[in-house]
Amino acid sequence: MAGDSRHPERAAVTALADGFLAGLREWLTIPSIGTDPAHHADVGRSASWLAAALRADGWPQVEVWDAGPALPAVYACWPSADPDAPTVLVYGHHDVQPVDPLELWQHPPFSPVLVGEELFGRGASDDKGQVAMHLLAVRAHLAATGQAAPSVTLKLFVEGEEESGSPHIRRLLDDHRTDLACDLVVFTDTPLHERDAPTVCTGQRGVVGAEVTFTGGSSDVHSGRAGGGVPNPVTALARLVGALHDDNGRVQLPGFYDGVLEPSEQERADWASLPFDETAWLAHNAGGAQVASGEAGWSTLERVWVRPTAEVNGIVGGYTGPGLKTIVPSRASVKLSFRLVPGQRPEVVIDQLRSFVLAHTPAGVHAEVEVRGEGVPPYAADVTHPANTALREAFEAAFDQPVRFSRTGGSGPAALLHAWLGVPVVYLGATLPDDRIHAPNERVVVPLLLKGAEAAAVLWRILPERLVR
Ligand SMILES: [Zn+2]
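Here the structure is a predicted model, which is why all the values come from computation and not from measurement.

## Let's talk about the sheet that holds strand β13 (residues 331-340)
Reasoning step 1: The sheet built from four strands is open, its strands ordered β11-β13-β9-β14 with antiparallel pairing. In this open sheet, the two strands that pair with only one neighbour each are β11 (309-317) and β14 (366-376). This sheet shows a mean twist of 15 degrees between the axes of neighbouring strands, independent of strand direction.
Reasoning step 2: Two strands pair when backbone bridges link them, and strand β9 (residues 206-215) and β14 are joined in this way by eight bridges, in the antiparallel orientation. Bridged to E211 within β14 is E370.
Reasoning step 3: Along the sheet, helix α6 (residues 233-242) contacts β9, β11 and β13; its crossing angle with β13, the most-contacted strand, is approximately 15 degrees.

## With respect to the nonpolar core
Reasoning step 1: One finds V185, V426, A453 and A457 to be the most contacted residues of the largest nonpolar core, which totals 91 residues.
Reasoning step 2: By residue number, the principal contributor to this core is helix α13 (residues 446-466), which donates eleven residues.
Reasoning step 3: Contact partners of A453, with chain neighbours within four places excluded, come to V13, M133, L136, A137 and A140.
Reasoning step 4: Residues A236, V341, V357 and V376 belong to the second largest nonpolar core, which totals 28 residues.

## Considering the domain arrangement of the protein chain
Reasoning step 1: What the domain assignment reports for the protein chain is domain 1 (9-204 + 379-466) and domain 2 (206-260 + 308-376).
Reasoning step 2: Inter-centroid distance (C-alpha atoms) of domain 1 to domain 2 is 38 Å.
Reasoning step 3: Domain 1 puts seven residues into the contact, and the matching count from domain 2 is six residues.
Reasoning step 4: Among the residues making up the side of domain 1 that touches domain 2, the classes are represented as four nonpolar, three polar and no charged.

Rules and cut-offs
- Residues numbered from 1 in each chain as written.
- Predicted model: local features only at pLDDT ≥ 70, side-chain atom pairs only at ≥ 80, totals over all residues.
- Pairing = 2+ DSSP bridges.
- Helix = DSSP H or I, 4+ residues; strand = E, 2+ residues; numbered from the N terminus.
- Axes fitted to C-alpha atoms, helices over the stretch in contact; angles between N-to-C directions.
- Contact = placed C-beta atoms within 7 Å.
- Core = buried A, V, L, I, M, F, W, Y, C linked by C-beta atoms within 7 Å.
- Buried ≥ 20, exposed ≤ 12 C-beta atoms within 10 Å, placed from the backbone.
- Domains from an automatic or database assignment.
- Nonpolar A, V, L, I, M, F, W, Y, C, P; charged D, E, K, R; others polar.

Written out as C-alpha cells, the structure reads:
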C-alpha cells in the first residue's frame, strides 16, 4: 500500500518506482565488463549513461572522470541549502563481472528480464542496481520533503574498476581530493543478511592473493630412470598445501592471527540471534557444498564474516592428459587467496606466506611467490557511531521491523576510502547474499531495492540532526 502516514518517503518511492525500474533496465543493457579490454568502450558508455541520468534528475554538478589511467568514473555533487549540513559521499561502482559461461544463463546477461519481483541481468545486484537505488532515493527525499536540495550535501562517486580490484582508486582520490572531501562515506555494495531479516552491514573482509610455483629439474624425466632419486615438485607442493591448515582449520602461516580483532560479545550474540538455515545456505550461498566446515570454535556466519582464511583457488602440475604418463614432473604451481579481517594487513600476510613457503621448500626445489596486486585491506565500522545508529533507524522505518547489524565476507575499497578521506565509512546495501553476483543468472529483488531507496531517503532527512560536525 502506498502512502504510509509515518514517513512520506514510502509514497514518494512508490510513485517513482516505475521510472526507476525502466532506467535501471536500460543501464543494464550496457556490457560494462571492466576486466575485459574489449569492453572498455562499454565502461565509458555506462559512465555516460549514469551522468546523463544524474543530469536529468537535476544534480547540479556531474562529471565523468575519464582522463585515465582509471576506467571512467562518475562524480556528482548536490549541495544542501544549509551550508552547515554534513557532506556525505556515496560510493558504488558501474563496472560488472564477465559473464562466462554464457550457456548457463537462462536469459541473455545484457537483456534484463523481470520475472515476478526479480530483475535478472549482469550488474542488477552488483552494483548498478544499488547505485540506481541511490538516484531514486534522492528523488524520493526531495519529493517527500518538498525541498529543492537535499538535507545533507550529497556527493556520488561511482568507479569503473571495482571488479578489477580498484587499481587506480588511490590516483582518483589524490587527483580529486577536494571534490571528494566529506564527513561520512556511505558504501553501497553489500547485501542484507536475508530477505526476512534485513540488516545493516558493518564490515567486510580484505583479500590478498599469490601464486606459488615449485620447480625441480629443467624438464620432466622418466619415472623409471630418475624416479625415487630426485625431488618431485608436485609432491612438495601438495605437502605445502596440506600444511596450510591444522586439523582445527587454523591457518598455519607464522603470525597469521597476530593482532586479529575478534568481534565483541555483543556482536556475536547479535549474529547468533539472526535466522540461519544451514541447508538453505549450503544450497543457495555455498555452491551446493554438502557440509559446512571450517575453523573450530566459530559458527558458519562467523567463519565467513570475521575469521581470516587461506583458500586454494587452483593447482596444476605434471601430466593431466588422457591415460598415464610415467614422469617426475619438473614444476607445479598453486594459486592461493587469503581473506583478511580487521587487525591484518595484506603486505604483512604476504611476508608470512613467503616465510611459510621458504620453510616448506625441500632441497633441490626452487620456489617462486608471485603476488597479485596490492591486496585489499579489511574494514569494520564502529557500530556505536551515530551514522550507524541513524542508518539502523532508517532501515527499521523502511522495513517495518527490528534491524540488526551483520557483516559480509567479501571485499571492497572501504578501508582505502576511510584512510584516504579520513572519515568513517558505513554500509547501505539492500541486495541479497544469494543474488548470484559474479555468477550466471545474477538477479536483484526489486522490492528490496525500493526498501533500500526508502531507507536512504529517510537517512538523508534525519542525518543532519545526528551528525554534529
Ligand atoms: Zn560490487
